[in-house]
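# Summary of the model geometry
Chain by chain, the residues:
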Amino acid sequence: MPPEIVGREGALAGRRIPVGDEPITFGRKGDNSVVITGGSASRFHAEVVREADGYVLHDRGSSNGTLVNGKRVTSHVLRPGDLIKIGDETFCFEVADAMETIMDLSLIESLMASTPAVEPGPVLKVTIAGGGPVGLSLALLLEHLLGPQVAITVYDGRWVREDERIVWKNQGQGNVRRQQVVTVQSRQYLNLPEEIQARLFTPEAYSEMWPAGPDSIRGFNPRNIRIAHVEDKLLEIANEKSGSITLVPERFDPTERHDTLVKDHVLAICEGGRSRTRDHFTSKFGNADTSIYSLDGHHVQDVVLGLRVKSDLTDPMTVLLTVAQNRFLLNALRGEGFLNMRLTDEEAKEVVGIDPVRHVFEDCIASRPCVMGRDEDGDFHCSTHGTLFLPALVRGSALWKRVIEGLALFGISEGNLSAVTAFRLDMVQRPRFTAHLYSATSATPGTYGFLLGDAANAIHFWPGRGLNSGLASAISLARSLKNSWRGRPFRDADFVRHEAAMSMLQYRHKSRAWKAMVTTDEDGVTAAIKDKIARSIAAAEAADDLDKEADIEALMVQLRAIRDRLAPRIPGMPDDTVLRDHLGTMRSETLRTLLESGAWDTMIVGGEEVDIDIFYREDSPVAAKKTLP
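Residues numbered from 1 in each chain as written. Predicted model: local features only at pLDDT ≥ 70, side-chain atom pairs only at ≥ 80, totals over all residues. Heavy atoms only, no water.

Residues annotated in UniProt with the feature "domain: FHA" (unreviewed entry) correspond here to residues 24–73. As a span, residues 24–73 carries 0% helix and 48% strand, and end to end its C-alpha atoms are 17 Å apart. (UniProt positions renumbered as here; feature names shortened; annotations may be inferred. Helix = DSSP H or I, 4+ residues; strand = E, 2+ residues; numbered from the N terminus.)

This is the structure:
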């Protein structure tokens, strides 16, 4: 293949221009080989000509100049990887493998050796507190966008050094890995570097359980993928970028690291919803407001029991059953994942462990949270605290009976329940996401802090947008830093677009999540869904004559309406007979609870998504993507 000039940024991103014996001209006039419509380009701006030394870029007296690797040139012998900026467009000069190109070996060698390496500019110093998917994604995005112009240090206490690499601690080392399955939108994964996409999305690593929707780019489906796999692959890639990324297997302490931090330009806080670093800088970021997510003056909070399971039902069936009610949510990868059960306040009190030796109760599963895996005796055991899951031991417990019914709803045998955990979910309104932590001095550059991921927007996962919000926040910050970095102290104005993107994410995802926590009746009265479930349980237990057939028919009405909407996008939907037979195996009390919980509010779950590309259109690679792994 001949060398190519490839559009990287701007309206021509993705365009490939083969370079041969004929000159390639750039400019505004329509008779140029490459027409650049932006006003900052001249009519005949530049051209690439094959000469004795290789391919040479000449500026043809343009008004605004031609840049190569950030430096203005009048004539420049191109070498592989050179970035050419003409007007609002950026191109890259790429050379295929020497065995595949029509050029001879001597010309390849002259291209590689004709000009010295470009000296990097001032280095942007970035510290990232928290090395989960959001923190690692930010590090890799910055390395991809800025290369040698950035030095990144990432801290996480869940890591350990193993020979020359940093790896995740295992359970015996005090780190319970997250095996939950998350759903990543195409709007987010298409904006990750191609290297990351290829490594993350190998065929066996993900499934496409949910259909493409308004949030999908060019019809690409959301992808279900295990969070531990994402963490493993991102850390694996980060280990390979040691020239730009330093991984520190320690929890970040802003007090201990103060002297280093004031010499950095950026602190990205990605530690999750309980971030100590964010709390340390509360005076800078402001206090969170709970009132907007409260009812009658009480902050609404959900407790969800997470059940690690394997379902025998098809994906279309599990999607349909999930969307038709608000008591249970199955997010799985080819049937394996977590069945999440929304608990009432009374049920949440039962989520405790018992120490079988000391015969005392522990709330580790509800407050840490811990994961209790099934041991050789069939009990659910917390290896960290030595406790057993009490409801599973007391087979007469009301909670455990309802757990078993939830398993039955999704075609899960009790033997295919391998672990239990719990999540306590609530939301707050954050006043800001960007803060000037330390002012510039004669010896320090001035440090800006940023809240990303759950540290910024901890979101109820029922509508499934937590990781997507986190990835979007990392993408936004990486682009802002890339666009603003000029070797000088940052200003508030440099992050206007990022702060706006973060506010949009908070508004859209939390307004959606709030509607997954509450429901409004025909009289306009709003109540927590968990309270509605509690009332239905109490009423069902007190009733002598529940009409099971009527409840099945009411659920069938909901299921048909959802199926009609999803069937064009999800083949293999179950018919009425399959659905009715399946519902007929459920207890009357369970059916009533499912019915009373209500179907998902798809008007809220669907609809327009947050498109951060509107702030960074010239930086978005999405439009240039043609194929994906």
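It is worth spelling out the sheet that holds strand β20 (residues 266–269) at this point. Hydrogen bonds along the backbone pair up the strands of a sheet, which may run parallel or antiparallel. Taken in spatial order, the six strands make up an open sheet running β19-β13-β12-β20-β33-β32, and their pairing is mixed. Edge strands, defined here as strands with exactly one partner in the open sheet, are β19 (245–248) and β32 (434–438). Across the sheet, the mean angle from the axis of one strand to that of its neighbour is 20°, orientation sign disregarded. Here β32 runs beside strand β33 (residues 447–451); their pairing, made up of four bridges, is antiparallel. Looking at β33, one finds that Ala435 is bridged to Gly449. (Pairing = 2+ DSSP bridges. Axes fitted to C-alpha atoms, helices over the stretch in contact; angles between N-to-C directions.)

It is the contact of helix α9 (residues 315–323) with helix α19 (residues 576–584), at a shortest axis distance of 13 Å, that shows an interaxial angle of 60°. Our classification of the angle between α9 and α19 gives oblique. The element α9 and its partner α19 pack so that their crossing is right-handed. Along its contact with α9, which presents Met317, Leu320 and Leu321, the element α19 presents Val578, Leu579 and His582. Looking at the contact of α9 with α19 residue by residue, the class counts come to five nonpolar, one polar and no charged. (Parallel < 35°, antiparallel > 145°, perpendicular 65-115°, else oblique. Left-handed = near helix turned anticlockwise from the far one by under 90°. Contact = heavy atoms within 4.5 Å. Nonpolar A, V, L, I, M, F, W, Y, C, P; charged D, E, K, R; others polar.)

For the rest of this paragraph, the subject is the side chain of Gln197. With respect to the helices and strands, Gln197 occurs in helix α4 (residues 194–200). A polar side-chain atom of Gln197 sits 3.1 Å from the main-chain carbonyl oxygen of Tyr189. Of note is the side chain of Gln197, whose polar atom sits 2.7 Å from the backbone oxygen of Leu192. (Polar contact = N/O pair within 3.5 Å; in protein donor to acceptor, adjacent residues only side chain to side chain.)

Attention shifts here to the packing of aromatic side chains. Applying the stated criterion across every chain, the model contains 15 aromatic pairs. Look at Phe389 and Trp400: their rings are 6.2 Å apart centre to centre, the planes differ by 65°, and that puts the pair in the edge-to-face class. With Phe389 in strand β30 (residues 387–389) and Trp400 in helix α13 (residues 398–409), this pair connects stretches of sequence that are eleven residues apart. On the basis of relative accessibility, which here comes to 1%, the residue Phe389 falls in the buried class. Among the aromatic residues, those joined into a cluster by ring pairs are Tyr448, Phe450, Trp485, Phe490 and Phe495. (Phe/Tyr/Trp six-rings, centres within 6.5 Å; stacked < 30°, edge-to-face > 60°. Buried < 20%, exposed > 50% of the residue type's maximum accessible area, 1.4 Å probe, protein only.)

As assigned here, the chain comprises domain 1 (3–95), domain 2 (124–170 + 246–293 + 428–515), domain 3 (298–424) and domain 4 (519–606). Listed as interface residues are eight residues of domain 2 and, on the opposing side, 14 residues of domain 3. Contact between domain 2 and domain 3 buries roughly 880 Å² in total, counting both sides, with carbon and sulfur atoms accounting for 63%. If you sort the residues of domain 2 by the area they bury against domain 3, Arg274, Phe461 and Trp462 come out on top, with a joint share of 65%. Viewed at the interface, domain 3 and domain 2 are joined by zero salt bridges. Linking domain 2 with domain 3 are one residue pair in polar contact (both at pLDDT 80 or more), by the criterion used here. Of the residues contributing to the side of domain 2 that touches domain 3, the split by class is five nonpolar, two polar and one charged. (Domains from an automatic or database assignment. Buried area = accessible area lost by both parts, 1.4 Å probe. Salt bridge = Lys/Arg side-chain N within 4 Å of Asp/Glu carboxyl O.)

With that out of the way, let us pick up the pairing of strand β16 (residues 181–184). Of the two faces of β16, both are covered, the one formed by Val181 and Thr183 as well as the one formed by Val182 and Val184. Sheet analysis places β16 next to strand β18 (residues 223–226), joined by four bridges and oriented antiparallel. Its bridge partner being in β18, Thr183 is matched across the sheet by Asn224.

Here the focus is the state of the cysteines. Scanning all chains against the criterion turns up zero disulfides. Of the cysteine sulfurs around Cys364, a residue in no disulfide, the closest is that of Cys382, at 4.1 Å. (Disulfide = S-S within 2.5 Å.)

Moving on to the pattern of salt bridges. For the structure on display, the rule yields 35 salt bridges. With a closest N to O distance of 2.8 Å, Asp551 and Arg592 form a salt bridge. Here Asp551, found in helix α18 (residues 548–566), pairs with Arg592, found in helix α20 (residues 588–597); they are 41 residues apart in sequence, far enough to count as distant. Relative accessible area serves as the criterion here: at 6%, Asp551 is assigned to the buried category. For Arg592, a relative accessible area of 22% gives the class partly exposed. Each of Glu143, Glu195, Arg199, Lys233, Glu236, Glu240 and Lys241 takes part in one network of salt bridges that share partners.

This brings us to the pairing of strand β11 (residues 89–94). Here β11 lies mainly inside the structure; five of its six residues are buried. In this sheet, β11 lies alongside strand β1 (residues 4–9) in antiparallel orientation, the contact comprising five bridges. Looking across to β11, one finds that Glu9 is bridged to Thr90. By the bridge criterion, four bridges tie strand β10 (residues 83–86) to β11 in an arrangement that is antiparallel. Among the inter-strand pairings, Leu83 is bridged to a residue of β11, identified as Cys92. Counted between consecutive antiparallel strands, the loop separating β10 from β11 contains two residues, among which Gly87 sits at a positive phi close to 60°.

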